[in-house]
Amino acid sequence: MYGFEALTFNIHGGYLEAIVRGHRAGLLTTADYNNLCQCENLDDIKMHLSATKYGSYLQNEPSPLHTTTIVEKCTLKLVDDYKHMLCQATEPMSTFLEYIRYGHMIDNVVLIVTGTLHERDVQELIEKCHPLGMFDSIATLAVAQNMRELYRLVLVDTPLAPYFSECLTSEDLDDMNIEIMRNTLYKAYLEDFYKFCQKLGGATAEIMSDLLAFEADRRAVNITINSIGTELTREDRKKLYSNFGFLYPYGHEELAICEDIDQVRGVMEKYPPYQAIFSKMSYGESQMLDKAFYEEEVRRLCLAFEQQFHYAVFFAYMRLREQEIRNLMWISECVAQNQKSRIHDSVVYMF
Amino acid sequence: MCTREREREADLVITILARRERMSGMVDASSWGAALVRISPYTFSAIGIAISIGVSVLGAAWGIYITGSSLIGAAIEAPRITSKNLISVIFCEAVAIYGVIVAIILQTKLESVPSSKMYDAESLRAGYAIFASGIIVGFANLVCGLCVGIIGSSCALSDAQNSTLFVKILVIEIFGSALGLFGVIVGIIMSAQATWPTK
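Model, not experiment: these values are computed from the prediction.

All names here are of chain A. Looking at helix α3 (residues 42-49), one finds that the buried residues are L42, I45, K46 and L49. Projected onto a plane normal to the axis of α3, the buried residues spread over an arc of 100 degrees and lie on a single side. The secondary structure elements touched by the buried residues of α3 are α2 (30-37), α4 (55-58), α5 (67-88) and α16 (312-336).

With 16 residues of chain B at the interface, the matching set in chain A holds 17 residues. Both sides together, the interface formed by chain B and chain A hides about 1400 Å², and carbon and sulfur atoms give 58% of it. Its largest share of buried area at the contact with chain A, chain B owes to E77(B), L157(B) and Q161(B), together 37% of the area lost on that side. Counting every contact that joins chain B to chain A gives one salt bridge.

Residues and elements named next belong to chain A. One pass over the full model with this rule turns up 22 salt bridges over all chains. Where K73 meets E61, a salt bridge forms, and the shortest distance between an N and an O atom there is 3.7 Å. In this pair, K73 is assigned in helix α5 and E61 in the loop between α4 and α5, connecting sequence segments twelve residues apart. On the basis of relative accessibility, which here comes to 17%, the residue K73 falls in the buried class. The partner of E295 in a salt bridge is K291, with the nearest N and O atoms 3.8 Å apart. Linking E295 with K291, this pair stays in helix α15 (residues 287-304), spanning four residues, or about one helical turn.

Looking now at unusual backbone geometry. Residue and element names in this part refer to chain A. With omega at -10 degrees, the peptide bond leading from E91 into P92 counts as cis. Structurally, the position occupied by P92 is in the loop between α5 and α6 (93-117). Backbone geometry places F309, a non-glycine residue, at a positive phi of 70 degrees. By secondary structure assignment, the location of F309 is in the loop between α15 and α16. For F309, a relative accessible area of 8% corresponds to the buried category. A positive phi angle is found at N338, which is not glycine, with a value near 60 degrees. The class for N338 is exposed, based on a relative accessible area of 65%.

Summarising the element assignment, L27(A) is placed in the loop between α1 (5-25) and α2. Along the backbone, L27(A) and Y54(A) are 27 residues apart, and their C-alpha atoms lie at a distance of 9.8 Å.

The next point concerns the side chain of S56(B). Residues and elements named next belong to chain B. Mapping S56 onto the fold places it in helix α3 (residues 41-77). Looking at S56, the relative accessible area reads 0%, which means it is buried. Separated by 2.5 Å, the side chain of S56 and the backbone oxygen of S52 make a polar contact. If we ignore the near neighbours within four places in the chain, the residues touching S56 are I51, V95, A96, G99, V137, G138 and N141.

Here we come to the packing of helix α4 (residues 81-109) of chain B against helix α6 (residues 165-192) of chain B. Residue and element names in this part refer to chain B. Closest axis-to-axis distance for the α4/α6 pair is 10 Å, and the angle between their directions is 0 degrees. Classified by the interaxial angle, the pair formed by α4 and α6 is roughly parallel. Across the interface between the two elements, K84, N85, I87, S88, F91, Y98, V102, I105, L106 and K109 from α4 touch F166, L170, E173, I174, S177, G180, L181, V184, I188, S191 and A192 from α6. Here the residues of the contact of α4 with α6 are counted per class, giving 13 nonpolar, five polar and three charged.

Let's shift gears to the UniProt feature "domain: V-ATPase proteolipid subunit C-like" (unreviewed entry) in chain B. Residues and elements named next belong to chain B. In the numbering used here, UniProt assigns the "domain: V-ATPase proteolipid subunit C-like" (unreviewed entry) feature to residues 47-106 and 131-190. Counted over residues 47-106, helix gives 95% and strand 0%. Its end C-alpha atoms are 11 Å apart. Taken end to end, residues 131-190 is 95% helix and 0% strand, and its first and last C-alpha atoms sit 10 Å apart.

Reading guide: rules and limits
Residues numbered from 1 in each chain as written. Chains lettered and ligands numbered in written order. Predicted model: local features only at pLDDT ≥ 70, side-chain atom pairs only at ≥ 80, totals over all residues. Heavy atoms only, no water. Buried < 20%, exposed > 50% of the residue type's maximum accessible area, 1.4 Å probe, protein only. Helix = DSSP H or I, 4+ residues; strand = E, 2+ residues; numbered from the N terminus. Arc of directions from axis to C-beta. Contact = heavy atoms within 4.5 Å. Buried area = accessible area lost by both parts, 1.4 Å probe. Salt bridge = Lys/Arg side-chain N within 4 Å of Asp/Glu carboxyl O. Polar contact = N/O pair within 3.5 Å; in protein donor to acceptor, adjacent residues only side chain to side chain. Axes fitted to C-alpha atoms, helices over the stretch in contact; angles between N-to-C directions. Parallel < 35°, antiparallel > 145°, perpendicular 65-115°, else oblique. Nonpolar A, V, L, I, M, F, W, Y, C, P; charged D, E, K, R; others polar. UniProt positions renumbered as here; feature names shortened; annotations may be inferred.

Pasting the structure below:
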């Protein structure tokens with residue numbers, strides 16, 4: 001019953017919600033980012049980070065540091081937090097938390113398949129995978145030659161199995177098909193997640209619908225922009241859009257026929273939430289679009305914390321941590337390559 | 001002799017009630033009204049006392065677990081909040097104490113009457129007064145306990161993020177706990193008029 005979750009949510013979820021809100025208090029603030037941007041080298045960054053929650057993860061790293069080490073250790077903190085919450089959760093929260101990692105599983109699958117296509121070593125690829133998206137038998141992905149084999153050998157035993165029904169073909173795996181596969185899987189995953197949240201009902205359904213709708217719309221715009229000028233037909237493009245969100249269904253029809261960015265902008269400006277994003281960019285510019293989308297996403301994720309007694313805080317926390325790790329990676333790279341003037345191009349401040 | 005007269009009087013009351021109901025359109029002589037009047041006032045009083053303590057404790061326990069689970073989780077990252085936020089738990093506990101006090105008061109009001117007078121209007125009135133008092137206190141404390149519990153949970157989580165918020169949210173909690181007091185006051189006033197017929 002919507003509105004009365006406060007009566008029973010705390011039976012199973014009260015402790016974990018309080019823990020995730022404690023973790024949220026440990027996210028880096030603008031003052032922290034300003035300190036980090038002033039750093040001269042990676043050891044300075046390590047010193048500044050040792051005062052934050054990342055301290056215990058970085059303190060044993062020997063110098064000289066690499067940016068990949070920093071990112072790896074920070075991701076480790078995210079994984080530890082996630083696993084701690086997952087092992088304490090009961091149904092349906094445990095299913096909800098599992099859904100959060102399917103996106104990473106899809107990314108890992110695509111990473112290994114693409115890497116194998118370009119003749120990279122499997123072990124090297126597995127090290128690059130995101131730890132949240134690991135599953136057993138992931139190494140077997142390197143053996144598959146086409147999608148049917150991929151499904152039959154490896155993915156039928158994973159939670160990604162139900163998402164494969166739309167992209168089972170016997171075509172060989174090449175770059176284009178892999179991208180299509182990635183987007184088809186992600187579309188099925190988002191729709192499944194959306195249905196699951198609707199089933200949960202209450203405040204979770206409302207807040208997650210908003211967050212997932214924004215995600216779906218963002219992916220639709222990215223797919224459109226990335227497929228301008230490629231050989232992806234309009235029908236195929238339309239098949240990759242998810243069946244929910246603000247843009248569904250009329251926006252999708254208009255996006256499917258777009259041939260350049262100004263047309264995309266024309267379509268998006270009809271929708272008030274996205275008009276604000278697109279109005280920040282001047283005509284012909286698309287580099288700022290990623291950052292504008294990230295900023296909008298962060299704004300919505302922070303709003304999810306305003307309400308109590310729902311599961312969307314867990315999703316929001318995971319996404320905010322991932323954004324923070326992206327920020328740290330950008331800052332580390334800029335500092336390591338001595339390009340501090342470009343730091344502010346891509347750092348998204350949260351609070 | 002006396003009891004038979006009393007029984008005849010009770011039957012007369014019932015036939016009068018039944019006739020009144022028949023005249024107002026209802027047909028059955030053995031109606032719900034007759035059945036209710038036949039229930040002993042002791043039953044009503046005992047149920048009232050049970051509800052007063054039982055449902056109050058339900059409210060207090062519900063409130064304590066709502067606030068306690070959030071408090072424990074939040075105290076992991078911010079241990080300083082534990083001692084101050086125990087006040088929310090104390091407010092919930094006070095609700096249970098109200099229930100106990102009223103139950104004790106009500107049970108002192110429960111007197112024996114001779115069986116001849118057991119179905120007098122005066123006896124029934126005393127039984128109903130104790131029953132109503134119990135219901136008032138029980139359900140007022142149930143919602144008060146819930147209210148204080150939910151606010152206490154939010155208070156703990158907000159205090160962990162920003163310690164200036166604690167006192168402000170505590171004021172809300174104090175208003176919430178006044179609800180239980182309203183119930184207790186009205187309940188005690190109701191029970192004060194539970195006078196059983198003298199021998």
